[in-house]
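# Per-entry structural report
For reference, the chains in residue letters:
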Amino acid sequence: GGWRKRWMNSECKPDLGKFKLAAGKFYGDPVRDKGLQTSENSKFYAISSRFKPFSNKGKTLVIQYTVKHEQKIDCGGGYVKIFPSNLDQKNLSGDSHYYIMFGPDICGSETKKVHVILNYKNKPHPIKKPIRCKVDGYTHLYTLIIRPDQTYEVKIDNEMVASGNLEDDLDFLPPRKINDPTVRKPADWDDRIQIDDPNDIKPEDWDEPEYIMDTSAEKPEDWDDAVNGEWRYPMVKNPLYRGAWKPRQIDNPNYRGVWPHPQIDNPNYSPDFSIYSYENISVIGLDIWQVRAGTIFDNFLITDDEVYAEDFGDETWGETKGPEKEMNIKQTEEEQERERVTEEKYFEQRFKKKLERKKGSGKARAVRNTAEKEEL
């Protein structure tokens, strides 16, 4: 197919997983829903597609695609990466320098998130907000929008799930304000929430040793003082030992709260209004690890038009999501029906065998009885 001309497999490792073109077990449309599907378990995957280099300076950048974890993924990536034009596609790997990483990542019960990682001054900066991804087996539409005013938006299935300002939600720049280093907390500022109760006095019978002599022990008969030294009673834990005494805690009547450290403008901060912009955006790639394969990637779109992207999502994913679900439900019902029929047949056969065994043993009894009569 034509996709093999557009997509280049990495050769950075000899045993990378292979992609195939497939719509999967269930789909909305057998042709339109064909996408790149991971086909081998417990493999790294690396594949990429090149386009004419462009810069998003002064423009909105929209990255959008669909991902379908048909295999109900247990651990594996579903994200894409955007690369500069100098990417060596044949050696694409996790070490390849990328501009943007975006999309779902699932592993166990802990990780179920959407990555948004932007490269700034050669360092990856992940978003600080947790964004939850979809974990079912259906196709979902993921959209990242980055605008020249340095705001961003993440949409799943054409609905906004996160938005904000790049500078606030990713640690690109040093903070605008810092604590004034010339000001110290006053010595008499009391910020202890609780204090020892001055009226709580240690009980007189509190102090007991941790270990005591076990006077019930007897010296072994074969004990030799010359060899083993003088025999002593062994030490055992004292059941009356209560540990170190501590007074109980009460609320501090002089508590003044957290001391507000005066802030000043950070001399190391200078605004940067080009955080969002990249030169020579030229490759989109999948660089992922999957334990259980079967994920399908499709409908890749990179554009500067948010409205077009939304419409494109509605015309692709939007039109096939309903039929896809229906087909899956029908398949599940048919599968359950097949299992039920198989089970019924199995029990029917067991029942028949039981009957035959009963008949057989009845015949044997009749024969035995006749033989006994004849002997008489």
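Residues numbered from 1 in each chain as written. Predicted model: local features only at pLDDT ≥ 70, side-chain atom pairs only at ≥ 80, totals over all residues. Heavy atoms only, no water.

## Side note on the state of the cysteines
Our working definition: Any two cysteine sulfur atoms within 2.5 Å of one another count as a disulfide. Helix and strand labels come from DSSP, where a helix needs a run of H or I of at least four residues and a strand needs a run of E of at least two; each type is numbered from the N terminus. With a 1.4 Å probe rolled over the protein chains alone, any residue whose accessible area is under 20% of its type maximum counts as buried; one over 50% counts as exposed, and the rest are partly exposed.
Scanning all chains against the criterion turns up one disulfide. C75 shares a disulfide with C107; S-S distance 2.0 Å. Taking the sign of the torsion about the S-S bond as the criterion, the disulfide between C75 and C107, at about -90°, is left-handed. One end of the pair, C75, is in strand 6 (residues 75-77); the other, C107, is in strand 8 (residues 100-107), and 32 residues separate them in sequence. Overall, the relative accessible area of 16% leaves C75 in the buried class. No disulfide involves C12; its nearest neighbouring cysteine sulfur is the one of C75, lying 19 Å away. For C12, a relative accessible area of 29% corresponds to the partly exposed category. C107 supplies the cysteine sulfur nearest to C133, a cysteine that is in no disulfide, at a spacing of 11 Å.

## Re a positive patch on the surface
Formally: Without a salt bridge and with relative accessible area above 30%, a residue can belong to a patch; like charges are then joined within 9 Å and nonpolar side chains (Val, Leu, Ile, Met, Phe, Trp, Tyr) within 5 Å. Here the open area of atoms and residues is found with the Shrake-Rupley method and a 1.4 Å probe, where only the protein chains shown may cover a residue. Each reported salt bridge corresponds to a side-chain nitrogen of Lys or Arg within 4 Å of a carboxyl oxygen of Asp or Glu. Note on charges: Lys and Arg go in the positive column, Asp and Glu in the negative column, and His and the chain ends are not counted at all. Think of each charge as sitting on NZ of Lys, CZ of Arg, CG of Asp or CD of Glu.
Judged by side-chain charge, R350, K353, K354, R357 and K358 come together as a positively charged surface patch. Along the chain, R350 falls in helix 5 (residues 317-375).

## Quick word on a negative patch on the surface
A cluster of like negative charges, contributed by D304, D305, D311, D314 and E315, occupies part of the molecular surface. Summarising the element assignment, D304 is placed in the loop between strand 21 (295-303) and helix 4 (306-315).

## Considerations on the side chain of N238
The condition is simple: By the criterion applied in these results, polar contacts are pairs of N or O atoms within 3.5 Å in which, for protein atoms, one can donate a hydrogen and the other can accept it, and in which residues neighboring in sequence qualify only through two side-chain atoms. Note on contacts: a residue pair is in contact if any heavy atoms of the two residues lie within 4.5 Å.
Among the structural elements, N238 can be located in the loop between strand 17 (235-237) and strand 18 (249-251). Judged by its relative accessible area of 7%, N238 falls in the buried class. At 3.2 Å, the side chain of N238 and the side chain of E208 are in polar contact. Apart from the residues within four sequence positions on either side, N238 is in contact with E208, P209, E210, Y211 and I212.

## Description of the nonpolar core
Under the convention used in this document: Definition of nonpolar core: a set of buried residues of the types Ala, Val, Leu, Ile, Met, Phe, Trp, Tyr and Cys, connected through side-chain atoms within 4.5 Å.
Residues I100, F102, V154 and L166 are the most contacted members of the largest nonpolar core, which totals 55 residues. Of all the secondary structure elements, the ones that give two or more residues to this core are strand 4 (43-54), strand 5 (61-69), strand 7 (80-84), strand 8, strand 9 (111-120), strand 11 (139-146), strand 12 (151-156) and strand 20 (281-290). Beyond its immediate sequence surroundings of up to four residues, V154 is in contact with F102, V114, V116, I131, T143, L144, E159, M160, V161 and A162.

## Observations concerning the pairing of strand 10 (residues 123-126)
Heads up, the rule is: We call two strands paired when DSSP finds no fewer than two bridges between them.
For strand 9 and strand 10, the ladder comprises four bridges, and the chain directions are antiparallel. Bridge assignment links I117 to a residue of strand 10, and that residue is P126. Hairpin geometry of strand 9 and strand 10 is characterised by an intervening segment of two residues between the two adjacent antiparallel strands and by a positive phi of about 50° at K121.

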